[in-house]
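Observations on the model geometry
Letter by letter, the chains look like this.
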Amino acid sequence: MIAQGAGFQIGYDDQGDGQPIVLLHGFPHDRTLWAAQRVALAPQARCIVPDLRGFGQSSSHGPYSMDQYADDVVALLDWLQIARAVVCGLSMGGYIAMALWRRHPDRVRAFVFCDTRAGADSEETKQRRDELIALVKRDGTRAIADAQIIGMVGSATREHRPEVVAALRAMMGRQSAAGISGALHALRDRPDSRGTLQTISVPTLVLVGEDDVLTPIKEARVIAEALPPAARARREIIAGAGHVPCLERPAATTHALSDFLATLG
């Protein structure tokens with residue numbers, strides 16, 4: 001489905017009934033990343049799964065920033081007449097979720113931070129973002145997919161589920177150069193969100209793949225420990241998964257989300 005704004009469109013899926021949950025993909029993905037959860041959670045929740053600006057079926061013109069992505073999510077909620085939702089963000093989606101709390105806290109029922117981190121980019125990582133911006137300009141989006149794929153999945157997935165690796169590589173390779181470059185700028189320039197975590201007052205689940213090398217378990221621990229008592233923080237490790245457990249271990253990820261949603265009433 002497509003939501004139309006003022007000169008802007010957002011591609012999204014809307015499936016199921018019950019507590020609304022927004023599932024935000026990471027970089028450089030699209031909304032199909034969450035396909036298994038969208039289907040499996042539909043009897044329990046209304047799953048809203050957007051393509052972020054520049055990805056999938058959403059418009060690719062700027063500006064690009066975590067704040068803009070957050071505003072895009074709220075624009076979609078307005079389009080769907082949803083007042084509050086659980087917000088689940090993976091990797092870059094987690095950064096957007098944190099921006100949502102800074103800008104629109106009244107729209108958030110609860111959080112799931114999945115394979116993400118709270119800190120800003122180091123200088124070394126910023127340099128790497130700039131190198132990737134140059135790479136996509138020179139060689140196209142498939143080069144980004146090739147550069148990112150090894151760190152994106154865990155060793156068990158690479159060894160035993162080549163079809164998942166191939167599907168993820170194809171997903172990353174079909175994104176627009178404008179969207180990838182814009183997202184890399186937004187990632188590079190995003191603010192430190194550790195202070196934001198300390199203000200969260202809604203229930204929060206922190207999920208992480210056991211073998212995630214991009215945002216490892218220690219980053220999930222930092223998030224969980226920064227959350228105040230009001231967040232009633234829960235942390236769960238998805239065994240045998242890397243940076244994208246929703247693809248690598250879909251049933252385990254769905255189970256963790258379902259159990260969390262059940263606690264919200």
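Note: the structure precedes this text.
Let me sum up the structure you'll find in this document. Please read all numbers here as calculations on a predicted model, not as lab measurements.

**Comments concerning the environment of Gln68**
- The residue Gln68 is located in helix α2 (residues 66-80) in this model.
- With a relative accessible area of 18%, Gln68 lands in the buried category.
- Taking C-alpha positions, Gln68 is 24 Å from Gly140, a pair spaced 72 residues apart along the chain.
- Excluding residues within four positions of it along the chain, Gln68 makes contact with Arg53 and Pro63.

**Examining helix α10 (residues 217-226)**
- For α10, the complete set of buried residues consists of Ile217, Glu219, Ala220, Ile223 and Ala224. Projected down its long axis, α10 carries its buried residues within an arc of 160°, all on one side. Counted as exposed and oriented over 90 degrees from the buried face of α10: Lys218 and Glu225.
- Looking at the packing, one finds that the buried side of α10 touches α3 (92-103), β6 (108-114), α9 (194-197), β7 (204-209) and β8 (234-238).

**Notes on the sheet that holds strand β5 (residues 85-90)**
- Spatial strand order, β1-β2-β4-β3-β5-β6-β7-β8: 8 strands in an open sheet with mixed pairing. Whereas interior strands pair on both sides, the edge strands pair on one side only; in this sheet they are β1 (2-4) and β8. With direction set aside, neighbouring strand axes in the sheet form an average angle of 25°.
- Pairing analysis gives 4 bridges linking β6 to β7, with the strands arranged parallel. By the bridge assignment, Cys114 is partnered in β7 with Leu207.
- Each of β1, β2 (9-15), β3 (19-24), β4 (45-50) and β5 touches α2; the most contacted strand, β2, lies at about 55° to it.

**So, empty space enclosed by the protein**
- For the structure on display, the rule yields 2 cavities of 30 Å³ or more.
- As a volume, the largest cavity reaches approximately 60 Å³.
- Lining the largest cavity, in full, are Phe8, Ile10, Pro50, Asp51, Leu52, Arg53, Ser58, Tyr69, Asp72 and Val73.
- At 3 residues, the largest contribution of residues to the lining of the largest cavity is made by α2.
- Of the residues contributing to the lining of the largest cavity, the split by class is 6 nonpolar, 1 polar and 3 charged.
- Computed from the structure, the second largest cavity encloses a volume of approximately 40 Å³.

Calculation rules
- Residues numbered from 1 in each chain as written.
- Predicted model: local features only at pLDDT ≥ 70, side-chain atom pairs only at ≥ 80, totals over all residues.
- Heavy atoms only, no water.
- Helix = DSSP H or I, 4+ residues; strand = E, 2+ residues; numbered from the N terminus.
- Buried < 20%, exposed > 50% of the residue type's maximum accessible area, 1.4 Å probe, protein only.
- Contact = heavy atoms within 4.5 Å.
- Arc of directions from axis to C-beta.
- Pairing = 2+ DSSP bridges.
- Axes fitted to C-alpha atoms, helices over the stretch in contact; angles between N-to-C directions.
- 1 Å grid on protein atoms, 1.4 Å probe; cavity = no way out; pocket = protein on both sides within 12 Å on 5 of 7 lines; lining within 4 Å.
- Points joined across faces, edges and corners; volume = space filled by probe spheres on them.
- Nonpolar A, V, L, I, M, F, W, Y, C, P; charged D, E, K, R; others polar.

The quantities given are spatial measurements derived from coordinates; they are silent on function.
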